[in-house]
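Examination of the molecular architecture
In case you want the letters, here they are:
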Amino acid sequence: MYHPYTNNMNSLKALAITISLPATLLFSSCGHTEGKSAKKGENTQEEAAVAAISLQKGKLTSSLQIPGELIAYQNVDIYAKVNSFIKKLHVDVGSEVSQGQLLATMEAPEISSQLAGAESRIKSQEAVYLASKANYDRLYNTSLTPGTVSKNDLDIAQARMKSDLAQWESGKAAYREIADNRNYLEIRAPFAGVISAKNVSVGAYVGPSGKGSEYPLFSLQEQKKLRLVISVPEAYTSYLSNNSEVKFNVKAFTGKSFTAKVNRLSGALDTRLRSQRIEMDVINNDKKLLPGMIAEVNIPMDAADSTFIVPKAAVVNSTLNVFVIRVTNGKAERVQVQTGRDADGKVEIYGNLNEGDTILASANEEIREGAELKHVKIGK
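Below you will find a few notes about this structure.

Quick notes on the rules
- Residues numbered from 1 in each chain as written.
- Predicted model: local features only at pLDDT ≥ 70, side-chain atom pairs only at ≥ 80, totals over all residues.
- Heavy atoms only, no water.
- Salt bridge = Lys/Arg side-chain N within 4 Å of Asp/Glu carboxyl O.
- Helix = DSSP H or I, 4+ residues; strand = E, 2+ residues; numbered from the N terminus.
- Buried < 20%, exposed > 50% of the residue type's maximum accessible area, 1.4 Å probe, protein only.
- Pairing = 2+ DSSP bridges.
- Phe/Tyr/Trp six-rings, centres within 6.5 Å; stacked < 30°, edge-to-face > 60°.
- Expected span 1.5 Å × (residues − 1).
- Contact = heavy atoms within 4.5 Å.
- Core = buried A, V, L, I, M, F, W, Y, C linked by side-chain atoms within 4.5 Å.
- Domains from an automatic or database assignment.

Summed over the entire model, instances satisfying the criterion amount to 13 salt bridges. A salt bridge links Lys172 to Glu169; the shortest N-O distance between them is 3.2 Å. Of this pair, Lys172 and Glu169 both sit in helix 3 (residues 151-183), 3 residues apart, which is roughly one turn of the helix. Among the residues examined, Lys172 registers a relative accessible area of 24% and is labelled partly exposed. A relative accessible area of 38% means that Glu169 is categorised as partly exposed. The shortest N-O distance in the salt bridge between Glu279 and Arg277 comes to 2.9 Å. On the basis of relative accessibility, which here comes to 11%, the residue Glu279 falls in the buried class.

So, on to the sheet that holds strand 6 (residues 96-97). Sheet architecture is open: 4 strands sit in the order 4-11-9-6, paired in antiparallel fashion. Two strands in the sheet have a free side with no partner beyond their single neighbour: strand 4 (75-78) and strand 6. Judged from the 4 bridges that link them, strand 4 and strand 11 (residues 218-221) form a sheet pairing that is antiparallel. Looking at strand 11, one finds that Ile78 is bridged to Phe218.

Tallied over the full model, the rule gives 5 aromatic pairs. Both rings, one in Tyr129 and one in Trp168, keep their centres 5.6 Å apart while their planes meet at 25°; by these two values the pair is stacked. With a gap of 39 residues between them, Tyr129 in helix 2 (residues 109-143) and Trp168 in helix 3 connect regions that are remote in the sequence. Comparing Tyr129 with Trp168 shows no difference in burial state: the two are buried.

The next point concerns helix 2. An ideal rise of 1.5 Å per residue puts 51 Å on 35 residues; helix 2 measures up with 52 Å between its terminal C-alpha atoms. If you check which residues of helix 2 are buried, you get Ile111, Leu115, Ala118, Ile122, Tyr129, Ser132 and Tyr136. Packed against the buried residues of helix 2 are helix 3.

All right, on to helix 3 then. In this model helix 3 runs 48 Å from its N-terminal to its C-terminal C-alpha over 33 residues, within 8% of the 48 Å that 1.5 Å per residue would give. Those residues of helix 3 not exposed but buried are Leu154, Ala157, Met161, Asp164, Trp168, Gly171, Ile178 and Ala179. Looking at the buried positions of helix 3, the neighbouring elements they touch are helix 2.

Among the nonpolar cores identified, the biggest contains 25 residues, and Leu103, Met106, Leu217 and Phe218 are the most heavily contacted of them. Of all the secondary-structure elements, those providing two or more residues to this core are strand 7 (102-107), helix 2, helix 3 and strand 11. Lining this core are residues from two domains, each supplying at least three of them: domain 2 (80-108 + 185-216) and domain 3 (109-184). Setting aside chain neighbours within four positions, we find Leu103 in contact with Ile78, Leu89, His90, Val91, Val97, Ile187, Arg188, Ala189, Ile195 and Phe218.

So, in structure tokens, the structure goes:
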């Protein structure tokens, strides 16, 4: 039998169940989410480990790139010794010459005249000397008989003979001087090399620098052997010594490396650049390398002694000092250090440290002295 009151009560119960069901689901959902969040927080704390390293000694290998210049092992500008005219040129630019080879022949007619006059004076002075010597010899032989020749006359004759001999020797010296000047009319190579410049032609008037020739007759360079010259800054002079081997390359031969050995060190620093001049001999028999080329020199900087090496991130360069953070009894300890060379993300450090100390791999100024460090994980 239908009763209005009973039906209304049933409707209210159904509505209450309908409303309570989403609420139950909501609370259930909230409780599940909170559980996930708590679990995620626990995982984050476990993962927030502090990376550290065990301090070990090693050798840091690096290199230094320094520009250098290739120059001729020997280089000379050749001038004329005497004023003259070019009679014949025997070489040109690019000619390869040997030591003593004739490069140019010149003419100076006045030198031939001077030589002839000197030769005549020599013959005249020789005749005078021979006459005075003969006179002295006669007086000397006569003086062997007592009372025939006075001692004074004999001394005068001897002095005249010596004077005439000196005049004769002087004439021969003057002749040799003019003959030497005539030899200067032939220009010869002082060493084997290549003619890199020629500034005269046949018929040109030449002479010593500033007295007929503004430019040299030839420039001669030795190219089968070159000098590689570099200026090494003060901080890196200890890495090179006699017979140290370096590699270098030039732009003309991309991808090709050349080798040279240190032969000469200046032993002093340039007062302006604070660098040491170092020269290396380069054998260049094929003459591929040319004087004047700029070279990129690779200087190996191998450490002589082992030292502590850490990642660059482990070193904090603050406004007050440079330090690393050592883990001591679970707490942070700042240790002041000095840095050395760096390469490939690592740096040398020097300070009050011991092998096996635990150092933070990545340090910063926010980590204070004595701060507690949890979950320190030592890596390789």
